[in-house]
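Tertiary structure, described
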Amino acid sequence: MIEKINELLRQVEEFSPKAAAEVEEFRIRILGKKGELTALMDEFKSVAPELKRELGQKLNALKNEALQRINTLKEELQNAAADSASQVGDMTRPGTAEELGSRHPISLVKNEIVEVFARLGYTVADGPEIEDDQHVFSSLNFPPEHPARDMQDTFFIEKASSEPSEKDILLRTHTSSIQVRTMEHQKPPIRVICPGRVFRNEAISYRAHCIFHQIEGLYIDEGVSFADMKQSLLYFAKEIFGEQAQIRMRPSYFPFTEPSAEVDVSCNLCGGKGCPVCKGTGWLEIMGCGMVDPNVLKASNIDPEKYSGFAFGMGIERIAMLKYGVKDLRLYFENDVRFLHQFDDAL
Ligand code: PHE
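Summarised in this report is the structure supplied together with it. (Residues numbered from 1 in each chain as written. Predicted model: local features only at pLDDT ≥ 70, side-chain atom pairs only at ≥ 80, totals over all residues. Heavy atoms only, no water.)

1. Here we look at the pairing of strand E6 (residues 211–221)
The element E6 is extensively covered by neighbouring structure, given that 8 of its 11 residues are classed as buried. Examined bridge by bridge, strand E5 (residues 190–199) and E6 share 10 bridges and lie antiparallel to one another. The residue of E6 that forms the bridge with Ile190 is Ile220. Inspection of the sheet shows E6 paired to strand E10 (residues 308–315) by 8 bridges, in the antiparallel sense. Paired with Glu216 across the strands is Gly313, a residue of E10. (Buried < 20%, exposed > 50% of the residue type's maximum accessible area, 1.4 Å probe, protein only. Helix = DSSP H or I, 4+ residues; strand = E, 2+ residues; numbered from the N terminus. Pairing = 2+ DSSP bridges.)

The structure is reproduced here in structure tokens:
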């Protein structure tokens, strides 16, 4: 009998239930009317008198231990169940916040540039990404043999023959096509700013991509001069890069503007003294510009004797790289949230 008592005691000590229902089952098995301890109590009645004292004490100790253990386990498990129920069920608890996205740095810079020109009276114009030769090249005074019309530089969707043709369908290589579309539908005065994606057949590197963003400006009215252009672009540079920013213009060539210029802004890192970013020159190239070529005005039925105008175009990635000090253009396309989250506060 002493072995049976010890065995039951071991069972009571080792009992580790997962739910309150298991405890109740255990209680019935040990302490119930037909339980094992109850059976031992019956057996105790017929034990020899000289053993009664020792066995009686042992049985009492077992009974107390079993009762105590069952009660504490029941309480513990009931509390745990109530806790987890309240976690699911409490509708007044605050929810877990969804992680919010943020605006892409290219959109931030695009919006900023649009706002600067909106203050000068420009409105936003849009155009298709899939274009024809006429709007991307012919109407912009590109001669048929111009290298930009080559497969090397342009993604064609439909090409009539190996010769350039006005029927060719292609992905626009610059936003200047929106200039042409605006002039077709609008009479001067025209003052538009045209942001958009452009496509060029280029190898991808830290400074070039086959898809990027440009923003183009066009201003046509009576008596618009080179000085007007210079002043507008200086205003733009100061708004984007800060009051200390200066610009300079270098002669350049574009088929659709004459004269044409390349615009540099003073390096905002070294303040013009020369540093690795501006390659020691103190200046950073930011855009192309020029007075709209009379041939381009004529192609859109605008009288070049009466009207003149200027146009400018820049890469948004380039402006964003200079503004935020980003060294690799590819970061703008990879959508790595560790990169993108750095612009959360720029909203
Ligand atoms: N379209 C030119 C380019 O893609 C930029 C430009 C626009 C230059 C307007 C002059 C005037 O490089």
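2. Describing the pattern of salt bridges
Under the counting rule described, the total for this entry stands at 19 salt bridges. Between Asp133 and Arg149 there is a salt bridge, with its nearest N and O atoms 2.8 Å apart. Of this pair, Asp133 sits in helix H6 (residues 133–136) while Arg149 sits in the loop between H6 and strand E3 (156–158), and the two are 16 residues apart along the sequence. Residue Asp133 shares its accessibility class with Arg149, and that shared class is buried. Through salt bridges with shared partners, a single ionic network connects Arg248, Arg250, Asp264 and Glu285. (Salt bridge = Lys/Arg side-chain N within 4 Å of Asp/Glu carboxyl O.)

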